[in-house]
Every structure is written in structure tokens, then in C-alpha cells.
Amino acid sequence: MSPLRSADFGIDPDRIGEAEPIARALSRRLGGRYPVDPFGFDPMLADLATPVARALVRVRTEGADRIPETGPAVFVANRGLGIGEPMALGVAVGEMVGRRLRVVGAPGVPFVNGLVRRLGSVHASPEDLAACLRAGHLVAVPLGPTWLRTGAGSPPLELCAAMMGFTVYPVAVTPGGPLGAPIRPWRVRIGPHIELDDTYAPGDPLGAAELGDAMRRAVEEMLAGRAAAP
Amino acid sequence: MRVLVTGMGGELGTRVAQLLEARDDVDEVAGVDFVPPRRRLRRAEFRRIDPRNRDRLVEFVQEYAPSVVAHFGVYEPASRMGPTAAAERTELSTVASLSAAARAGNLEYVVVRSGLEVYGRRVSAASVPDEAVPPAPGSPYGETLLGVEAMAARLGRHHGFPVGALRYAPVVGSHVPSPLGRLLRLPVVPVPAFSDPPFSLLHPDDAAEAMVAAVVRRVAGPLNVVGPGAATPWQAALLGGRVPMPVAPPLWRWATRAAELAGAAMAPHMIELLRHGRTGSGSRAVGVLGLRELRPTQQVLQELYEWAQVVPLVTATEAVA
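Residues numbered from 1 in each chain as written. Chains lettered and ligands numbered in written order. Predicted model: local features only at pLDDT ≥ 70, side-chain atom pairs only at ≥ 80, totals over all residues. Heavy atoms only, no water.

### What to know about the overall build of chain B
Argument step 1. Of the regular secondary structure elements, chain B holds 12 helices and 9 strands.
Argument step 2. For 321 residues, the compact-globule estimate of 2.2 N^0.38 gives 20 Å, and chain B sits close to it at 20 Å.
Argument step 3. Projected onto its principal axes, the C-alpha positions of chain B cover 65 × 55 × 35 Å.
Argument step 4. Looking at the 321 residues of chain B, the share that counts as buried comes to 58%. (Helix = DSSP H or I, 4+ residues; strand = E, 2+ residues; numbered from the N terminus. Rg over C-alpha atoms; globule rule 2.2 N^0.38 Å. Buried < 20%, exposed > 50% of the residue type's maximum accessible area, 1.4 Å probe, protein only.)

### Digging into the packing of aromatic side chains
Argument step 1. Summed over the entire model, instances satisfying the criterion amount to 3 aromatic pairs over all chains.
Argument step 2. For the pair A:Phe75 and A:Tyr169, a centre-to-centre distance of 5.6 Å together with 25° between the ring planes defines the contact as stacked. Of this pair, A:Phe75 sits in strand 2 (residues 73-79) while A:Tyr169 sits in strand 6 (residues 168-174); the two residues are 94 residues apart in sequence, bridging distant segments of the chain.
Argument step 3. When its relative accessible area of 0% is taken as the criterion, A:Phe75 is described as buried.
Argument step 4. For the pair B:Phe34 and B:Tyr75, a centre-to-centre distance of 5.5 Å together with 65° between the ring planes defines the contact as edge-to-face. Of the two residues, B:Phe34 sits in the loop between strand 2 (28-33) and strand 3 (45-48) while B:Tyr75 sits in the loop between strand 4 (68-71) and helix 3 (83-103), which places them 41 residues apart along the sequence.
Argument step 5. Classification of B:Phe34 as buried rests on a relative accessible area of 17%.
Argument step 6. Here B:Arg2 stacks its cationic end above the ring of B:Tyr64, 4.4 Å away from the centre of that ring. (Phe/Tyr/Trp six-rings, centres within 6.5 Å; stacked < 30°, edge-to-face > 60°. Lys NZ or Arg CZ within 6 Å of the ring centre and 35° of its normal.)

### Description of helix 6 (residues 204-217) of chain B
Residues and elements named next belong to chain B.
Argument step 1. With 14 residues, helix 6 should cover 20 Å at 1.5 Å per step; its first-to-last C-alpha distance of 20 Å lies within 8% of that length.
Argument step 2. In terms of burial, helix 6 is a largely internal element, 10 of the 14 residues being buried.
Argument step 3. Buried within helix 6 we find Pro204, Asp206, Ala207, Ala208, Ala210, Met211, Val212, Ala213, Ala214 and Val215.
Argument step 4. The secondary structure elements touched by the buried residues of helix 6 are strand 1 (2-6), helix 1 (11-21), strand 4, strand 5 (109-115), strand 6 (163-168) and strand 8 (221-225). (Expected span 1.5 Å × (residues − 1). Contact = heavy atoms within 4.5 Å.)

### Section: the sheet that holds strand 4 of chain B
Residues and elements named next belong to chain B.
Argument step 1. Pairing is parallel across the open sheet formed by 7 strands, whose spatial order is 3-2-1-4-5-6-8. The open sheet terminates on both sides in strands that have one partner only, identified here as strand 3 and strand 8. With strand direction ignored, the average angle separating the axes of adjacent strands in the sheet is 20°.
Argument step 2. Sheet topology places strand 2 next to strand 3; 4 bridges connect them, and they run parallel. Bridging from a neighbouring strand, Val32 pairs with Arg47 of strand 3.
Argument step 3. Its contacts with the sheet place helix 3 against strand 1, strand 4 and strand 5, and it is angled at close to 170° to strand 4.
Argument step 4. Sitting on the sheet, helix 6 touches strand 1, strand 4, strand 5, strand 6 and strand 8, and the angle it makes with strand 5 is about 155°. (Pairing = 2+ DSSP bridges. Axes fitted to C-alpha atoms, helices over the stretch in contact; angles between N-to-C directions.)

### Some thoughts on the pattern of salt bridges
Argument step 1. The tally for this structure, following the rule as stated, stands at 26 salt bridges over all chains.
Argument step 2. A salt bridge links A:Asp14 to A:Arg99; the nearest nitrogen and oxygen atoms lie 3.0 Å apart. Taken together, the residues A:Asp14 in the segment before helix 1 (22-31) and A:Arg99 in the loop between helix 3 (84-97) and strand 3 (101-104) connect sequence positions 85 residues apart. Assigned by exposure class, A:Asp14 and A:Arg99 land together as buried.
Argument step 3. The partner of B:Arg218 in a salt bridge is B:Glu108, with the nearest N and O atoms 2.7 Å apart. (Salt bridge = Lys/Arg side-chain N within 4 Å of Asp/Glu carboxyl O.)

### Things to note about the confidence of the model for chain A
Residues and elements named next belong to chain A.
Argument step 1. Mean pLDDT over chain A: 86, with 91% of residues reaching 70 or higher.
Argument step 2. The element-level mean pLDDT for chain A is lowest in helix 4 (residues 112-118), coming to 87, with strand 3 highest at 94.
Argument step 3. Taken together, the stretch residues 1-5 has pLDDT below 50 and engages in 8 contacts with residues farther than four places along the chain or on a different chain. (pLDDT = per-residue confidence, 0-100.)

### Looking at the interface of chain B and chain A
Bring the parts together and some accessible area is lost; that lost area is often taken as the interface size.
Argument step 1. Contact residues are listed per partner, giving 25 residues for chain B and 25 residues for chain A.
Argument step 2. When chain B packs against chain A, close to 1,900 Å² is buried across both sides, 51% of that on carbon and sulfur atoms.
Argument step 3. Put simply, chain B and chain A have 2 salt bridges between them.
Argument step 4. Where A:Arg134 meets B:Asp130, a salt bridge forms, and the shortest distance between an N and an O atom there is 3.6 Å.
Argument step 5. Connecting chain B to chain A are 10 residue pairs in polar contact (both at pLDDT 80 or more).
Argument step 6. Contributions of two or more residues to the side of chain B that touches chain A are made by helix 7 (233-239) and helix 11 (297-308) of chain B.
Argument step 7. For the side of chain B that touches chain A, the class distribution of residues is 11 nonpolar, 11 polar and 3 charged. (Buried area = accessible area lost by both parts, 1.4 Å probe. Polar contact = N/O pair within 3.5 Å; in protein donor to acceptor, adjacent residues only side chain to side chain. Nonpolar A, V, L, I, M, F, W, Y, C, P; charged D, E, K, R; others polar.)

### With respect to a negative patch on the surface
Argument step 1. A cluster of acidic side chains, namely A:Asp197, A:Asp198, A:Glu210 and A:Asp213, defines a negative patch on the protein surface.
Argument step 2. Examined against the element boundaries, A:Asp197 turns out to sit in the loop between strand 7 (186-190) and helix 7 (205-224). (Patch = residues over 30% accessible without salt bridge, like charges linked within 9 Å, V, L, I, M, F, W, Y side chains within 5 Å. Areas by Shrake-Rupley, 256 points an atom, 1.4 Å probe, with all protein chains shown as cover. Lys, Arg positive; Asp, Glu negative; His and termini not counted. Charge placed at Lys NZ, Arg CZ, Asp CG, Glu CD.)

### Quick look at the nonpolar core
Argument step 1. Grouped together as the largest cluster of nonpolar side chains are 70 residues, with contacts concentrated most on B:Val5, B:Leu20, B:Leu166, B:Tyr168 and B:Leu289.
Argument step 2. Contacts of B:Tyr168, omitting those with residues within four sequence positions, involve B:Leu12, B:Phe72, B:Arg113, B:Ser114, B:Gly115, B:Leu116, B:Glu117, B:Leu202, B:Ala207, B:Ala210, B:Met211 and B:Val225. (Core = buried A, V, L, I, M, F, W, Y, C linked by side-chain atoms within 4.5 Å.)

### Re the side chain of A:Arg189
Argument step 1. By the secondary structure assignment, A:Arg189 is in strand 7.
Argument step 2. Put simply, A:Arg189 is tucked away with no salt bridge, and the nearest opposite charge, on A:Glu62, sits 4.6 Å away.

### Description of the packing of helix 2 (residues 43-56) of chain A against helix 3 of chain A
Residues and elements named next belong to chain A.
Argument step 1. Interhelical geometry of helix 2 versus helix 3 gives an angle of 110° and a closest axis separation of 10 Å. Classified by the angle between their axes, helix 2 and helix 3 sit roughly perpendicular to one another. You can see that helix 2 and helix 3 cross each other, and the crossing is left-handed. On helix 3, the residues touching Ala53, Arg54 and Leu56 of helix 2 are Met87, Val91, Gly94 and Glu95.
Argument step 2. When the residues that make up the contact of helix 2 with helix 3 are grouped by side-chain class, the tally is 4 nonpolar, 1 polar and 2 charged. (Parallel < 35°, antiparallel > 145°, perpendicular 65-115°, else oblique. Left-handed = near helix turned anticlockwise from the far one by under 90°.)

### Comments concerning unusual backbone geometry
Residues and elements named next belong to chain B.
Argument step 1. Even without being a glycine, Ala78 presents a positive backbone phi close to 70°.
Argument step 2. Mapped onto the elements of the fold, Ala78 is located in the loop between strand 4 and helix 3.
Argument step 3. The residue Arg218 is not glycine, and still its phi comes out positive at about 55°.

### Some points on the packing of helix 1 of chain A against helix 2 of chain A
All names here are of chain A.
Argument step 1. Orientation of helix 1 relative to helix 2, taken along the N-to-C sense of each, is 155°, at an axis distance of 11 Å. With respect to each other, helix 1 and helix 2 are oriented roughly antiparallel. As for the relative orientation of helix 1 and helix 2, their crossing is left-handed in sense. For the pair helix 1 and helix 2, the contacting residues are Ala25, Arg28 and Arg29 in the first and Met44, Leu45 and Leu48 in the second.
Argument step 2. In terms of residue class, the contact of helix 1 with helix 2 is built from 4 nonpolar, no polar and 2 charged.

Set out below in C-alpha cells:
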């Protein structure tokens, strides 16, 4: 079967590909020959947007050897108010291992929701997070927003239960300049995966609360410089 | 094992009967429906009974005394009949055949055909629901399917046998009388003007294999059976070389009438699919039912459109020339 007649039309839904020339990309779009996943992710559109994201957000990554080459994992990162941190993390993962990153937290605003889901955002529900991980994707879960980027933000306890049973990495993302100004590259530090007491059954609320606290502590220590990424 | 296939006259029911016939562990296969089977069956016994003829249906099922019921007597609105007739036949078929099978005293397992329509599409709900998500149907067909599941589960609890429910993604295929397939094959396809939500599909052969696996493994509880990947209304129309016609939310009523005039009736669950999408997490079913690789949604769509190509007939005179 030729790539254009296969189910994914020759575009890998897990790995970032080369952006196609505009004329070919347009012909593909008009012919409907592009893959979409059940979360609404459109890898072809994401491939077209990747060079723009890389030009806007430069990153310096530490602990990149911890990013899995295959299979599911969760990256729990701090977040200011906007999309800078998730975007920087996505660029870092793409540059280091060439994989796509799904970011939990698609806003429920009509039209905007559809657009960000096309670029890899996932609805912030435990069911969607669990389904995304079961499908083998790398997922970023931002902690609660922090205005002045002085802390890690509160963990989304509802989502923690869905993460149990998967590898969870704490990530500290700090901007290159004040208010995210692109003076220097963003710094993305990926810490060692969080160990959770294996006596907790998947979905146990106490285990989820413990995981949430451990995530917050780990990110906070990395942000404060008390824990080194490598 | 004595298996009763209700709705055997449909594409899925006939295919399931064929697969069951080929198994050594199935001693007998019988089926009922108001239309005859769509393919030749070798050893299955078929009775043409309309579910509205309750007495005949009950008499046949009780006499047959199945040990397993594969319940395909669930009729999709706008497929072969209108929404009211479909809901009525589904209810009558479910009540009469399942209760008669239970009363016959030999029943060990029931599996019913259901659909992702039971989850509905509330804004706050999960966009890719798994079996743990509480059902909240948003269309009459979704309510009918949930009613079938509930009725079978009640009967199972009462008589002490396990009940499974296969929640299929929309089944689309070249030979399946699917309203969605019919709509997508129109030259102009209505699509939402301000969104393009994903929906997943299931190949009819995969749907039939899942049902047979459930019968053999006697899986209890609901299972989503969904083809991998997804498509969107705009993409599906373009993939088939159709013209997507954007429809603003207040105009869906008119779009429905226009599609009906063009030969593709649209029920509310289809409008829900086009406007809000319909996907589900089917990973549990793959493991529990031991399904081989399911055909992806895009492949199901491609097969649908390939079949729709019109091949000019060569007349006898042209062939000789």
C-alpha cells in the first residue's frame, strides 16, 4: 500500500516529521489525505507549525536522556499564566527525541478548543489523560498556574489518579528573559522519575494525593535549584 | 453451545452467524429478523419474524431454548426505517427475545449490540470516553441503546447469568445500510461551519469478530469496540472527492431536510456526530476480546468511497465490438 493510501497517509502520529512544501501540503489538505487521531490531533498541521514554534521558542534542555524513545510517559511541569512553558517543553522533547508531546488542558472555548486540539492539546479529564497514555503518547500535565513563577503550582489531583501506573517525570521550565522574552533560550530541566509506593492500587485517591505532593515537591526543588536535573 | 442471533437479517447479524457456523464449539445457530439474511448460511436456522409479532417471536425463542444470545435486534434510526419505528422494533425485539430466552431455562450468556452513542457529547464530558465514563446519551438512539443495555443487565441479574454490551463506533461499510455511509456518499456533504470534530468508525468485519469473541469468551459488562484513528466531517468529505457544505448551527434542520430529499435521511444521533464528534477508547476490548488488528477509521472510509465509484457497464454490443 502506498503511503498516501495507508491509514496515516505516510505521516507518523508519534514522531515529528519534515514540513512538506506548501503546494504539496495544500494538495493533501484539499484531498483529505492526512491523519487525525481520536483526540482531534492533526500531525500534518503540527508538522507545519513545528518550525514556527522552534523559531519562536529556543530551548536549552537538561536531563534529556530521561525522555523515553518509545512508549507513554507523563511530564509534570510548572506553568505561568500562558502557553510558554508547555510550548518550550514540547520543543525540547521534539528536539531531543523527535517525538510529539500532547499537552493536557485544552480550553473549553468553541473554535479555540478545536484549534489547540489539532495541535496536540488534550481535554483535561482523567479519562482523556488515561486514554492518551494507554495509546502510548508522551503527555505534559501542567501544574496550577503561578503568576510570578515563584513556585510549582498546585497539582491537579483529579488527573493524578489517571497517571498512576505510568512513568512520571518532574520538569522545571524557566524563561530565558523577564516575562518570557526571548533574550536567552528557555531552560527545560527534566528530573528523575517519581517513585510511588507500589502498594497503592491504580486510581487509589490516597496514592493520587501522594503522587500529587511528590510531583509538586520535585518541581519546586528543581525550580529553587535544590535538585539538579542530570 | 446453542446460539440465538437476533437481527440475523442485517449485515452484522448474517456475518456473525457465518462466523459462528464455522466454529466447532458452536453446536447450533438460529436467528430471527423481519428481513432475510444477506448471505447464504450453511447450517443456521432462520425464522422471518417481525418483532411486532410478539407471540410468534416468543414461541420460537422459547422452543429453541438458546444457551447464548447475540442480540443484534437493535435497529438504527434512518438506516432501514424511521426513528419511531426503529425504537419500537428495538424495544419489542429486546423485551420479547431476551425474556423468552431467559424463561426457556437454558440461558447462560447474553451479549447485546450497543454503541458509543450512549456517552452523548456533553461539553464537560471526556472527549475519548472509556467504559468507566457514566453514559449520558444526547440523542434518542443513544437512549434506546442504553435502554437495551439496562434491560439485558436487569434480566441477567434476575436470572443469574453474565451480560456483555459491545459499544460499537458507527459501523460503516460498503454493504451496511448505514445512514452515515449514505450521507458521506452524497455529492455534497453537510459539515459543521465552525468546528471539525473527530469521529471514529468500525469496519463491519471487525464488529462481527468482536461479537463472536464476546460469545466465546463470555465477557461481562460494557466494552467499547472502536477502530483506531479518526476522521473529521470536512476531511471525510474531501477524502471521498465530495463537496463539503458548511452548515451554521441554526441551519441544521434545513440541511437535514435537504439531505433527506437527496436520499440520505439524517437522525439526531448523526447530527450529534457531525457537530460534536464521536470517539471512544477501545483499548480494553482489544485485550479482553483478543481482537487482532482492527481496521483504522481512514481505511474504513476509503473502502466506503471505493465501493461508491460508478463503473460503467459494458453492453453486449460494445463487448463484441
